[in-house]
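# Structural overview for review
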Amino acid sequence: MNNNKTKAAAFYSFGCRTNKEEIDAIASQFRANGYNIIYDESNFNLADFIVVNTCSVTQTSENKNVRFINSLKKKYPQAKIIATGCLAQQNSPKLKTVDFLVGNTKKNEIFDIIKREKNGVFIENINEKNILQLPDFIENPQTSDRTRFSIKIEEGCNSFCSYCIVPYLRGTPKSANFDEIISLAKNAIYLGYNEIVLTGTHIGQYANSQKTFLDIAESLISADKNIRIRLSSMNPVDCDEKLFEFMIKNPQICRHLHIAVQSLSADVLTAMNRKSDAIKNLFENLKKYRNSLPNLNLGGDFLVGFPNESKNCFLETCENIIKFNFNYGHIFSYSPRPNTPAAEMKNQIDEKTKKQRSEILRKIISEQKEKFANLQIGKREKIIIEKDGELNGITGNYLRVKGEKNPKFKKNKIVEVVLKKYNLKDNSFEADGKNYF
């Protein structure tokens, strides 16, 4: 460790959006304590610490995590390696080269741990007594890498899908205190953040003081009429009439839904121990409300090759992606997880078929993405500038905008743009900044 220079910490995250938001929150603690922050792996050789937030959603992803982490010490011997997240929570013996193994309940304590300890395992059992604590530090948007402020309002899940071990690694649902969430969000708005993101393992299971995630959104809208609110990954059961009517009534809610559907076949969902009627209700609500949300960007998570997924079931998912205009998707191939019911099911799908189906799904989703993008050309949207001097940001409906360079563009400020040419290669729009304020 080099004590003659400003220390640096590198961060890498696998898996879900919640993991990404968590790693950014950890990074902010290091930055607040004078560390340079590194996200680009090409600069990991400059890091004193490397923090990896791991994922165990599939066996394939877990194997990828293990290979990556175990390569770090050889590549970057100068750095202390810290593994946290769901794979770390298992106290996996596969992670042979890490200096610190930090479980999910200790994740927010990583900076304090590395200050007082040289190495070690810091894991406690997941149980209902674990309290979801909010951060006590908000990084100024001018110094942060992010122009959106994320609040993890909930963690854990009690759905116990037949393929999933997340409830065992993150526990049953835990919700942050409602008043504390509102206070934290108001402080972030005061500092200058223009977008608040509500995140969690399953934010639809948020429950505190008889409040729901929509109550949080409504309180924030009442607090600031200009704030933009984004809902992180949703489950189909949460996309009910109340949600769609709330979005229509409140344009401050981003026209963007990412839904963890996993499959759009009722038979497959039943085998997954997921509520197939929730998908039917989602379809009905999309039919009923989609015209009132014409710019809604709808995306999903899709798990391909689940046991007993017949050709017809797979085609049903493909057809419904097109029919209900899913515009993008994250595609995963099913891999058996030990100690889950799905691992013991008969008629496991062979790897060749999984690969073929994944390729078909990617092609369909790519075509859907391009089709939706072309419909957006000429429309006006607002972005939040991510870097001084560049017209670069995300629209409310989650479209990447890249445009001119001009010193008038200041980080974290709102710019109204007109979407122009769509670039399929990097999934972004060229745009003109019309109104700067």
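Below you will find a few notes about this structure. (Residues numbered from 1 in each chain as written. Predicted model: local features only at pLDDT ≥ 70, side-chain atom pairs only at ≥ 80, totals over all residues. Heavy atoms only, no water.)

On to the sheet that holds strand β13 (residues 328-333), then. Overall, parallel pairing links the 3 strands, which are arranged β11-β12-β13 in an open sheet. Two strands close off the open sheet at either side, each with one partner strand: β11 (256-262) and β13. Put simply, the sheet's adjacent strands are angled 15° from each other on average, direction ignored. Alignment of strand β12 (residues 297-304) against β13, held across 6 bridges, turns out to be parallel. When the sheet's bridge partners are listed, D301 is paired in β13 with H330. In the packing of helix α12 (residues 351-376) onto the sheet, the strands contacted are β12 and β13, and the crossing angle to β13 comes to about 175°. (Pairing = 2+ DSSP bridges. Helix = DSSP H or I, 4+ residues; strand = E, 2+ residues; numbered from the N terminus. Axes fitted to C-alpha atoms, helices over the stretch in contact; angles between N-to-C directions. Contact = heavy atoms within 4.5 Å.)

All right, on to the state of the cysteines then. Under the criterion given, the structure shown has 0 disulfides. Looking at the unpaired C254, the closest cysteine sulfur is the one in C239, lying at 15 Å. (Disulfide = S-S within 2.5 Å.)

Before going further, it helps to spend a moment on the sheet that holds strand β4 (residues 80-85). Ordered in space as β2-β1-β3-β4-β5-β6, the 6 strands form an open sheet in which the pairing is parallel. Edge positions in the open sheet fall to β2 (36-38) and β6 (120-122), since each of these has one partner strand only. When the angles between neighbouring strand axes are averaged without regard to direction, this sheet yields 15°. The sheet contact formed by strand β5 (residues 100-102) and β6 spans 3 bridges and is parallel. Residue L101 lies in a different strand from β6, and its bridge partner there is V121. Sheet contacts for helix α1 (residues 17-32): β1 (8-13), β2 and β3 (49-54); angle to β1, the most-contacted strand, approximately 175°. Of the strands in this sheet, β1, β3 and β4 are in contact with helix α2 (residues 59-75), which crosses β3 at around 170°.

On to helix α7 (residues 213-223), then. Looking only at α7, the buried set comprises F213, L214, I216, A217, L220 and I221. Buried residues in α7, looked at end-on, bunch into an arc of 155°, giving them a common side. (Buried < 20%, exposed > 50% of the residue type's maximum accessible area, 1.4 Å probe, protein only. Arc of directions from axis to C-beta.)

Time to look at the packing of aromatic side chains. Per the counting criterion, the structure on display carries 21 aromatic pairs. Between F44 and Y76 the ring centres are 5.8 Å apart and the planes differ by 65°, which places this aromatic pair in the edge-to-face class. Taken together, the residues span a long stretch of sequence, with F44 in the loop between β2 and β3 and Y76 in the loop between α2 and β4 at a distance of 32 residues. Neither F44 nor Y76 differs from the other in exposure class; each is buried. Judged by centre distance (5.5 Å) and plane angle (70°), the ring pair of F160 and Y168 falls under edge-to-face. Look at F160 and you get partly exposed, because its relative accessible area is 34%. In this arrangement the basic side chain of K20 is found over the ring face of Y39, its NZ or CZ atom lying 5.3 Å from the centre. Residue placement shows K211 over the ring face of F178; its charged tip is 5.3 Å from the ring centre. (Phe/Tyr/Trp six-rings, centres within 6.5 Å; stacked < 30°, edge-to-face > 60°. Lys NZ or Arg CZ within 6 Å of the ring centre and 35° of its normal.)

Let's shift gears to the packing of helix α11 (residues 311-323) against α12. Their axes nearest at 10 Å, the elements α11 and α12 cross at an angle of 10°. Between α11 and α12, the angle is such that the two are roughly parallel. The segment α11 lies against α12, with K311, F314, T317, C318, I321 and I322 engaging R357, I360, L361, I364, I365 and Q368. Residue composition of the contact of α11 with α12, by class: 8 nonpolar, 2 polar and 2 charged. (Parallel < 35°, antiparallel > 145°, perpendicular 65-115°, else oblique. Nonpolar A, V, L, I, M, F, W, Y, C, P; charged D, E, K, R; others polar.)

Glancing now at the layout of surface pockets. Approximately 1,000 Å³ is the volume attributed to the second largest pocket. If you trace the second largest pocket, you find 46 residues lining it, with A25, Q29, N108, Q133 and P135 closest to the centre. Every element with two or more residues in the lining of the second largest pocket is listed here: α1, α4 (110-116) and β7 (149-155). Among the elements that make up the lining of the second largest pocket, the one with the highest residue count is α1 (10 residues). Taken together, the residues that form the lining of the second largest pocket break down as 17 nonpolar, 11 polar and 18 charged. (1 Å grid on protein atoms, 1.4 Å probe; cavity = no way out; pocket = protein on both sides within 12 Å on 5 of 7 lines; lining within 4 Å. Points joined across faces, edges and corners; volume = space filled by probe spheres on them.)

Turning to its location among the elements, S232 is positioned in the loop between β10 (228-231) and α8 (241-249). Those residues in contact with S232 that lie beyond four places of it in its chain are R17, V197, L198, T199, I203 and H258.

Moving on to the environment of C55. Locating C55 in the fold gives a position in the loop between β3 and α2. Judged by relative accessible area, C55 falls into the buried class, the value being 8%. Along the sequence, C55 and T199 sit 144 residues apart, while their C-alpha atoms lie 16 Å from each other. Apart from residues lying up to four places away in sequence, C55 is in contact with F14, G15, N19, S61, E62, N65 and L87.

Keep in mind these numbers describe shape, not what the thing actually does.
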